[in-house]
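Residue-level structural notes
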Amino acid sequence: MTSASTPALDLEHVSKTFYAGTPNERRALRDVALTLRPGDFVTIIGSNGAGKSTLLNVIAGSLPLDAGTVLIDGRDVTRLAEFKRAVSIARVFQDPAAGTSPHLSIEQNLSVAWNRGRRHTLGRGLTAARRARFRTELATLEQGLESRMSHRVGLLSGGQRQALSLLMASFTKPRLLLLDEHTAALDPERAELVLRLTAQVIADHHLTALMVTHNMDHALRLGNRLVMMHEGRIIRALNPDEKAGATVADLLDMFGDARAQLDDRTLLA
C-alpha cells in the first residue's frame, strides 16, 4: 500500500530522441522532471512539437525512454510494458474513435473497461446488476446513452464517444488519467460538455490527471497546476496560487519570456 505522501507520478531526467544520429534527429524530451501528488490535475500547454504528446506516450509506455525514470506510486515502471502499465493508467485520446470499439455495443465497451485489470472469474459477463450499474453511470453523462446500451458505439457522435471514453477510463479507478487533447476534434459546444464531464469525473473519483491542450483558456479553467513546454523542456510550471490568478495574456507573456531566456542560454552555450 502506498503512502499518501508518495507521488502518484514522478518523472526523473526523462529524455527521448527520435531518429538519433540521422539528419532528421529530433530531441522530443530533454531532461524532463515532473512530480504529481495524489489528486493533482495538471494541464500542459506548449507549441507544436514541444513534446507534450510524447511525454504522455513515455508515461503510458507507448514509447521507450532513452534516459530517465518513470515512477507511479513510487514504483519504477520505466521498463514495464504498456499493457502492464494499463492497470494503473487510463487514457483518453484526441481521436474519439481511439478509446472505444465501434463494432461493440455501449454496454459491451463498458464491460471491457470494467474488467480491465480485474482478476478473471466466472462472473465476468453482463449480469443484470452490472447492466443496472452501467445504466446509472451512463445517466451522469446526460447524453441519453443509458437508453441506448445495446447500440453499437460506432453510431455515436464524437462528443458522445469521448464522454463514454471518460466514463470507461474512470471504471478502474486508475492511479493516473492521461488526457491527450481529448476535445480538439470536437465542435465548441461538445468540447465544453466533455470538459465539464472531465472535471466532474476527476472530482467524483478523486483521480490524478495530466491533460494536454492547445487551448490556454481550458488550461487555466481546469486543474490546479499548469505546465508550459517548449522544444522538449518544461520551461515554466505554475503552482495553484499562480495558476488561479493567471490570465491568457499572462500565459502568453510568460511563454514569450521563458522562450527568450531559453534561446539566450542556447546562444551562450
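What counts as what
- Residues numbered from 1 in each chain as written.
- Predicted model: local features only at pLDDT ≥ 70, side-chain atom pairs only at ≥ 80, totals over all residues.
- Heavy atoms only, no water.
- Core = buried A, V, L, I, M, F, W, Y, C linked by side-chain atoms within 4.5 Å.
- Buried < 20%, exposed > 50% of the residue type's maximum accessible area, 1.4 Å probe, protein only.
- Helix = DSSP H or I, 4+ residues; strand = E, 2+ residues; numbered from the N terminus.
- Contact = heavy atoms within 4.5 Å.
- Salt bridge = Lys/Arg side-chain N within 4 Å of Asp/Glu carboxyl O.
- Expected span 1.5 Å × (residues − 1).
- Arc of directions from axis to C-beta.
- Pairing = 2+ DSSP bridges.
- Axes fitted to C-alpha atoms, helices over the stretch in contact; angles between N-to-C directions.

Things to note about the nonpolar core
Grouped together as the largest cluster of nonpolar side chains are 35 residues, with contacts concentrated most on Ile-106, Leu-110, Leu-138, Leu-164 and Leu-177. The set of elements that each furnish at least two residues to this core consists of strand 6 (89-92), helix 3 (106-115), helix 4 (128-139), helix 5 (158-171), strand 7 (176-180), helix 6 (188-205) and strand 8 (209-212). In this view, Leu-110 contacts Phe-134, Leu-138, Leu-164, Leu-167, Met-168 and Phe-171; residues no more than four positions away in its chain are not counted. If you look at the next biggest cluster of nonpolar residues, it comprises 27 residues, including Val-42, Ile-44, Ala-60 and Ile-89.

A closer look at the pattern of salt bridges
The tally for this structure, following the rule as stated, stands at nine salt bridges. Here Arg-225 makes a salt bridge to Asp-40, at a shortest N to O gap of 2.7 Å. Note that Arg-225 is positioned in strand 9 (residues 225-230) and Asp-40 in the loop between strand 2 (26-36) and strand 3 (41-46), a separation of 185 residues in sequence. Each member of the pair, Arg-225 together with Asp-40, is buried. Note that Arg-91 and Asp-180 form a salt bridge whose closest N and O atoms lie 3.3 Å from each other. With Arg-91 in strand 6 and Asp-180 in strand 7, this residue pair connects regions lying 89 residues apart in the sequence. Judged by relative accessible area, which is 9%, Asp-180 ranks as buried.

Some remarks on helix 1 (residues 52-60)
Burial within helix 1 is extensive, with seven of its nine residues counted as buried. At the exit of helix 1 stands Gly-61, carrying a positive phi of roughly 90°.

Remarks on helix 4
Think of an α-helix as turning once every 3.6 residues; residues three or four places apart then point the same way. Counted at 1.5 Å a residue, the expected span for helix 4 with its 12 residues is 16 Å, and the 17 Å between its end C-alpha atoms agrees. Taken as a whole, helix 4 has its buried residues at Arg-130, Phe-134, Glu-137 and Leu-138. Buried residues of helix 4 fall within an arc of 100° about the axis and therefore sit on the same side. The outward face of helix 4, more than 90 degrees from its buried face, is lined by the exposed residues Ala-128, Ala-129 and Thr-136. Summarising the contacts, the buried residues of helix 4 are in contact with helix 3 and helix 5.

Points about the sheet that holds strand 10 (residues 233-238)
Spatial ordering of the open sheet is given by 6-7-8-3-9-10, a layout of six strands whose pairing is mixed. Two strands bound the open sheet, and with one partner strand each, they are strand 6 and strand 10. The mean inter-strand angle of the sheet, taken between neighbouring strand axes irrespective of direction, is 20°. Here strand 3 pairs with strand 9 via five bridges, running parallel. Note on strand 9: the bridge partner recorded for Gly-46 is Met-229. Contacts from helix 5 reach strand 6 and strand 7, with the element oriented near 175° to strand 6. Across the face of the sheet, helix 6 comes into contact with strand 3, strand 7 and strand 8 while running at roughly 170° to strand 7.

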